[in-house]
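# Structure at a glance
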Amino acid sequence: QVQLVESGGGLVQSGGSLRLSCVASGYISSITDMGWYRRAPGKQRELVATITSGGSTNYADSLKGRFTISRGSAKSTMYLQINSLKPEDTAVYYCNAHSRAIPYEYWGQGTQVTVSS
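Bear in mind that the values here come from a model prediction, so they are computed numbers and not experimental data.

What follows deals with the overall build of the chain. Scanning the chain from terminus to terminus reveals zero helices and eleven strands. In the chain, the succession of helices and strands from N to C terminus is β-β-β-β-β-β-β-β-β-β-β. Its C-alpha atoms give the chain a radius of gyration of 14 Å, within 12% of the compact-globule value 13 Å for 117 residues. Seen along its three principal axes, the alpha-carbon backbone of the chain occupies a region of about 45 × 25 × 20 Å. Scored against the burial criterion, the 117 residues of the chain give a buried share of 44%. Considering only contacts in the chain between residues 6 or more positions apart, those separated by 24 or more positions represent 54%. Carbon and sulfur atoms make up 47% of the accessible area of the chain, which totals about 6100 Å². Put simply, the chain has 11 plus and 7 minus side-chain charges, and the middle of one group is 4 Å from the middle of the other.

Here it is as structure tokens:
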């Protein structure tokens with residue numbers, strides 16, 4: 001089993017920055033790709049960015065430029081740097097990890113990001 005815990009969310013003014021963190025524990029050697037997703041109020045969960053175990057990244061087209069995903073050297077931590085925050089970035093941000101072992105995918109509980117105008 002893998003446990004994912006996000007942190008770093010909060011209330012920030014428009015134009016500000018935040019750095020979200022995700023720490024994995026448990027069977028971390030089984031983790032391959034990781035990613036960040038978000039769910040805004042009244043909307044479906046959407047992809048923000050993903051990163052492979054080798055460090056290759058992929059971003060949602062609409063979010064390129066303001067978001068930067070990265071992983072720590074131990075590969076059990078992941079970060080999301082968000083710059084120039086906008087009110088429409090208000091959402092719960094979720095950490096996701098894929099694993100070589102059943103159940104093959106894990107989710108964190110989420111961290112709330114609220115951007116005031």
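Attention shifts here to the side chain of Thr90. Looking at the secondary structure, you find Thr90 in the loop between strand 8 (77–82) and strand 9 (91–99). Separated by 2.9 Å, the side chain of Thr90 and the backbone nitrogen of Val115 make a polar contact. Apart from the residues lying within four places of it in its own chain, the contact partners of Thr90 are Ala40, Pro41, Gln112, Val113, Thr114 and Val115.

The next thing to look at is the packing of aromatic side chains. How two aromatic rings sit relative to each other is given by the distance of their centres and the angle of their planes. The full count for this structure, using the stated rule, is one aromatic pair. Residues Tyr37 and Trp107 carry aromatic rings whose centres are separated by 5.0 Å and whose planes lie at 70 degrees to one another, so their mutual orientation is edge-to-face. Residue Tyr37 is located in strand 4 (residues 31–39), and its partner Trp107 is located in strand 10 (residues 105–107); the two are separated by 70 residues in the primary sequence. Here Tyr37 falls in the buried class, since its relative accessible area comes to 19%. One cation-aromatic arrangement involves Arg45 over Tyr94; the distance from NZ or CZ to the ring centre is 5.9 Å.

Glancing now at the pairing of strand 5 (residues 46–51). Bridge analysis of strand 4 against strand 5 gives five bridges, and the strand direction is antiparallel. Residue Tyr37 lies in a different strand from strand 5, and its bridge partner there is Leu47. Between strand 4 and strand 5, which pair antiparallel one after the other, the connecting turn spans six residues, and Gly42 there sits at a positive phi close to 75 degrees. Where strand 5 lies against strand 6 (residues 57–59), three bridges are found, and the strand directions are antiparallel. Looking at the pairing, Ala49 lines up with Tyr59 of strand 6.

In spatial order, the strands read 1-3-8-7; together these four strands make up an open sheet with antiparallel pairing. The sheet is open, and its two borders are formed by strand 1 (2–7) and strand 7 (67–71), each paired with just one other strand. Direction aside, neighbouring strands of the sheet carry axes that sit 15 degrees apart on average. Pairing of strand 3 (residues 18–26) with strand 8 involves six bridges; the strand directions are antiparallel. Residue pairing in the sheet places Arg19 in a bridge with Gln81 of strand 8.

Cut-offs used in this document
Along each chain, residues carry numbers from 1 onward, in the same order as the chain's sequence is written. Note on the predicted model: pLDDT of at least 70 is required for a residue's local features to be given, and 80 or more for side-chain atom pairs to be given and counted; whole-chain, interface and lining totals, by contrast, use all residues. The side-chain figures draw on all heavy atoms in the structure; neither hydrogens nor water molecules are used. Where helices and strands are cited, they refer to DSSP runs of H or I of at least four residues and of E of at least two residues respectively, numbered from the N terminus. Computation of the radius of gyration draws on C-alpha atoms, with the globule rule given as 2.2 Å multiplied by the number of residues to the power 0.38. Between buried and exposed lies partly exposed: a residue is buried under 20% and exposed over 50% of the maximum accessible area for its type, with that area taken using a 1.4 Å probe on protein chains only. The contact criterion used throughout is that any non-hydrogen atoms of two residues lie within 4.5 Å. Surface accessibility in these figures is a Shrake-Rupley result with a 1.4 Å probe; residues are shielded only by whichever protein chains are displayed. For the purpose of counting charges, residues Lys and Arg are taken to be positive, whereas Asp and Glu are taken to be negative. His and the chain ends are not included. For charged residues, the charge sits on one atom: NZ in Lys, CZ in Arg, CG in Asp, CD in Glu. Think of a polar contact as two N or O atoms within 3.5 Å of one another; within protein, one of them needs to be a possible hydrogen donor and the other a possible acceptor, and neighboring residues in sequence only count if both atoms come from side chains. For this analysis, a ring pair means two rings from Phe, Tyr or Trp (six-membered ring only for Trp) whose centres lie within 6.5 Å, classed as stacked if their planes differ by under 30 degrees, edge-to-face if by over 60, and tilted for the remaining angles. In this scheme, Lys NZ or Arg CZ marks a charge over a ring once it lies within 6 Å of the ring centre and within 35 degrees of the ring normal. Here, any two strands with at least 2 DSSP bridges between them count as paired. Helix axes are fitted to C-alpha atoms over the stretch in contact, other axes to C-alpha atoms as well, and angles between N-to-C directions run from 0 to 180 degrees.

Purely geometric stuff here, so don't read any function into it on its own.
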